[in-house]
Amino acid sequence: MSYSLTLATEAKLSIRQQRQWSRTELEDGDVLAKRWTRELDQALEKLCEYPGRHSLAAENGRWHPEVVLHRMLFRPWKSGMGWRVLFTVDEQEQVVTVLQVRHEHRPPLKESAE
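All values reported here derive from a predicted model rather than from experimental measurement.

## Re the overall build of the protein chain
Scanning the protein chain from terminus to terminus reveals 2 helices and 4 strands. Moving toward the C terminus, one meets the helices and strands of the protein chain in the order β-α-α-β-β-β. For a compact globule of 114 residues, the expected C-alpha radius of gyration is about 13 Å, and the protein chain comes in at 14 Å, within 12% of that figure. Expressed along its principal axes, the backbone C-alpha trace of the protein chain runs to roughly 45 × 40 × 25 Å. Intrachain contacts of the protein chain at a sequence separation of at least 6 include 47% that bridge at least 24 residues. Of the roughly 7500 Å² of accessible surface on the protein chain, a fraction of 50% belongs to carbon and sulfur atoms.

Next up, the structure:
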């Protein structure tokens, strides 16, 4: 059974920022941004087929113990550089919610000071 997919506002923002960075900072940036987006879309489709196969995120249990936070490693390039897709799964509603897409070299999320 396939789960439906929801992208949180923060996930949409991080995806948009990555595409923009690729376009402005990389040679052939437009091509790479389109490829990155296509590969991410395919990875998210696979995620929705069986989200339970992915491990827990390093941030799991830090702030809200009732929320189980998973991570999917997304590596579209042969270089091995990748991103962590942070998500939750609602088994009852059969929904995967992507919370953030973070470059794997960024540190784990910390609790907001707000």
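## Examining the confidence of the model for the protein chain
Mean pLDDT over the protein chain works out to 88, with 95% of the residues at or above the 70 mark. The least confident element of the protein chain, judged by mean pLDDT, is helix 1 (residues 9-25) at 91; the most confident is strand 1 (residues 4-7) at 97.

## Thoughts on the nonpolar core
Of all hydrophobic cores here, the largest spans 18 residues; its most connected members are Trp36, Met72, Phe74, Val85 and Val98. Those elements that place two or more of their residues in this core are helix 1, helix 2 (29-49), strand 2 (70-74), strand 3 (83-90) and strand 4 (95-103). Leaving out residues up to four positions away in the same chain, Val98 has contacts with Leu5, Thr6, Leu7, Ala8, Ala11, Leu44, Leu47, Val85, Leu86 and Phe87.

## Topic: the packing of aromatic side chains
Applying the stated rule across the entire model yields 3 aromatic pairs. Put simply, the rings of Trp36, Phe74 and Trp83 pair up and form one aromatic cluster.

## Brief notes about helix 1
In this model, helix 1 (17 residues) spans 24 Å end to end at C-alpha, consistent with the 24 Å of a helix rising 1.5 Å per residue. Turning to helix 1, its buried residues are Ala11, Ser14, Ile15, Gln18 and Ser22. Buried residues of helix 1, seen end-on, are gathered within an arc of 100 degrees and therefore sit on one face of the element. For helix 1, the exposed residues lying more than 90 degrees away from the buried face are Thr9 and Thr24.

Calculation criteria
Residues numbered from 1 in each chain as written. Predicted model: local features only at pLDDT ≥ 70, side-chain atom pairs only at ≥ 80, totals over all residues. Heavy atoms only, no water. Helix = DSSP H or I, 4+ residues; strand = E, 2+ residues; numbered from the N terminus. Rg over C-alpha atoms; globule rule 2.2 N^0.38 Å. Contact = heavy atoms within 4.5 Å. Areas by Shrake-Rupley, 256 points an atom, 1.4 Å probe, with all protein chains shown as cover. pLDDT = per-residue confidence, 0-100. Core = buried A, V, L, I, M, F, W, Y, C linked by side-chain atoms within 4.5 Å. Buried < 20%, exposed > 50% of the residue type's maximum accessible area, 1.4 Å probe, protein only. Phe/Tyr/Trp six-rings, centres within 6.5 Å; stacked < 30°, edge-to-face > 60°. Expected span 1.5 Å × (residues − 1). Arc of directions from axis to C-beta.

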